[in-house]
Amino acid sequence: MKLYSINSGHFKLDGGAMFGVVPKSIWNKLNPADENNMCSWAMRCLLVETENRLILIDNGMGDKQNEKFFSFYYLHGNDTLERSLKHHGFGFDDITDVFLTHLHFDHCGGSVRYTDSARTKLEPVFKNARYWSNSRHWEWAVNPNSREKASFLNENIMPIRESGQLNFIDKEGEWLPGFETIIVNGHTESMMLPLISYKETKVLYCADLIPSVGHLPIPYVMGYDVRPLETLKEKEKILQKAVSEKWNLFFEHDPLNECCNLVKTEKGIRAHEMIKVSDL
Ligand SMILES: [Zn+2]
């Protein structure tokens, strides 16, 4: 098995919304805000190459929405999904499986594109791939509550089902040899976290449970979470296990740090060393 970090670009989100109840005097040191209180975040995907599969975990926000939408999110930087895949010698058609942790637009928008310049018809970007979600999350996303409605965009989601490429993983635990899933319910209903056995160690793809290194302290929970108290419990449990079993954490949204290992301190579980997956 081989792992590749695939950055699909950076975007901006309000720093206060990203850190919930944590005051700006603290979070601004972790990720300094611009003059509009916005912080830069990565949309970092993970590519898993096995003997017979090429699995892409999440795929960024894509490019389908209008100018007004992108003016809210300030897409920036040189990385795109296509460029980052190409850098490792892969193209869209090589992907056999698209694993979607959840269906918020910054995680699944790269799944679907317009087929024509008039932007009238949509198709899946990965034509040879099976797309993976789970039935509980899928139902939640296609019948969204008003809190998450702006994050679940029909154009990112429906074409996956219409093309017949949608599949569900409905059991926690081993999905493929060396590839487990952990289900968490604090950020949204049934978000799936991949836990991958890799060269004597395990790598946890943290998605929006712990979006960046700055979110390691237990109460540093995003304002977006639908069940923040659930997130506290899930972080506590997963971080305890991660530190005792020496997992590496992979961060989807950290603007700088790809991965870290952990250490127990007086204040709680914190990052020990910053790592790149290519060095694992
Ligand atoms: Zn996110």
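The notes below deal with the structure included here. Predicted model only: the values in this text are computed from it and were never measured. (Residues numbered from 1 in each chain as written. Predicted model: local features only at pLDDT ≥ 70, side-chain atom pairs only at ≥ 80, totals over all residues. Heavy atoms only, no water.)

Here's the deal with the nonpolar core
Reasoning step 1: Leu46, Phe179, Leu193, Leu204, Leu249 and Leu262 are the most contacted members of the largest nonpolar core, which has 42 residues in total.
Reasoning step 2: With 6 residues, the top contributor of residues to this core is strand E11 (residues 191–198).
Reasoning step 3: When neighbours within four sequence positions are excluded, Phe179 is seen to be in contact with Val48, Ile55, Ile57, Phe99, Gly173, Glu174, Pro194, Leu195 and Ile196.
Reasoning step 4: The next biggest cluster of nonpolar side chains, apart from the first, holds 28 residues, and it includes Val98, Leu103, Cys108 and Ala129. (Core = buried A, V, L, I, M, F, W, Y, C linked by side-chain atoms within 4.5 Å. Buried < 20%, exposed > 50% of the residue type's maximum accessible area, 1.4 Å probe, protein only. Helix = DSSP H or I, 4+ residues; strand = E, 2+ residues; numbered from the N terminus. Contact = heavy atoms within 4.5 Å.)

Considerations on the sheet that holds strand E10 (residues 179–184)
Reasoning step 1: Ordered by their spatial adjacency, 7 strands build an open sheet running E9-E10-E11-E12-E13-E14-E15, and the pairing between neighbours is mixed. The two strands at the open ends of the sheet, each matched to only one other strand, are strand E9 (173–176) and strand E15 (268–275). Each adjacent strand pair in this sheet contributes to an overall mean axis angle of 35°, direction not counted.
Reasoning step 2: In the packing of helix H8 (residues 228–244) onto the sheet, the strands contacted are E10, E11, strand E12 (201–205), strand E13 (248–250), strand E14 (259–265) and E15, and the crossing angle to E14 comes to about 95°. (Pairing = 2+ DSSP bridges. Axes fitted to C-alpha atoms, helices over the stretch in contact; angles between N-to-C directions.)

Remarks on unusual backbone geometry
Reasoning step 1: Although it is not a glycine, Asn37 sits at a positive phi angle of roughly 75°.
Reasoning step 2: Note on placement: Asn37 falls in the loop between helix H2 (24–30) and strand E2 (38–49).
Reasoning step 3: Backbone geometry at Tyr74 places phi at a positive 45°, although glycine is not the residue there.
Reasoning step 4: Along the chain, Tyr74 falls in the loop between helix H3 (67–73) and helix H4 (81–87).

Let's talk about helix H6 (residues 135–142)
Reasoning step 1: Of all the residues in H6, the buried ones are His137, Trp138, Ala141 and Val142. When H6 is viewed along its axis, its buried side chains cluster within an angular range of 125° and face the same direction.
Reasoning step 2: Next to the buried residues of H6 lie strand E7 (130–133), helix H7 (154–162) and strand E8 (166–168). (Arc of directions from axis to C-beta.)

A short note on the coordination of the zinc ion
Reasoning step 1: Bound to the zinc ion are the protein donor atoms Asp106 (OD), His107 (NE2), Asp208 (OD), Asp208 (OD) and His253 (NE2), situated 2.0 to 2.7 Å from the metal.
Reasoning step 2: Of note, the donors binding the zinc ion are all from one chain and are spaced D-H-x100-D-x44-H. Residue His107 is located in helix H5 (residues 105–108), and its partner His253 is located in the loop between E13 and E14; the two are separated by 146 residues in the primary sequence. (Donors = N, O, S within 2.8 Å, 3.2 Å for Na, K, Ca; no water.)

Regarding the packing of aromatic side chains
Reasoning step 1: One pass over the structure, following the stated rule, counts 15 aromatic pairs.
Reasoning step 2: Aromatic pair Trp132 and Trp175: ring centres 5.2 Å apart, planes at 70°, arrangement edge-to-face. Of the two residues, Trp132 sits in strand E7 while Trp175 sits in strand E9, which places them 43 residues apart along the sequence. Considered together, Trp132 and Trp175 belong to a single accessibility category, that of buried residues. (Phe/Tyr/Trp six-rings, centres within 6.5 Å; stacked < 30°, edge-to-face > 60°.)

Focus: H8
Reasoning step 1: Relative to the 24 Å expected for 17 residues at 1.5 Å per residue, H8 spans 24 Å between its end C-alpha atoms, a close match to the ideal helical length.
Reasoning step 2: Along H8, the residues that are buried comprise Thr231, Glu234, Lys235, Ile238, Leu239, Ala242 and Val243. Buried residues in H8, looked at end-on, bunch into an arc of 145°, giving them a common side. Set apart from the buried face of H8 by more than 90 degrees, the exposed residues are Leu229, Lys233, Lys237 and Ser244.
Reasoning step 3: Buried-residue contacts for H8 involve E10, E11, E12, E13, E14 and E15.
Reasoning step 4: A positive phi of about 55° marks Lys246, the residue just after H8. (Expected span 1.5 Å × (residues − 1).)

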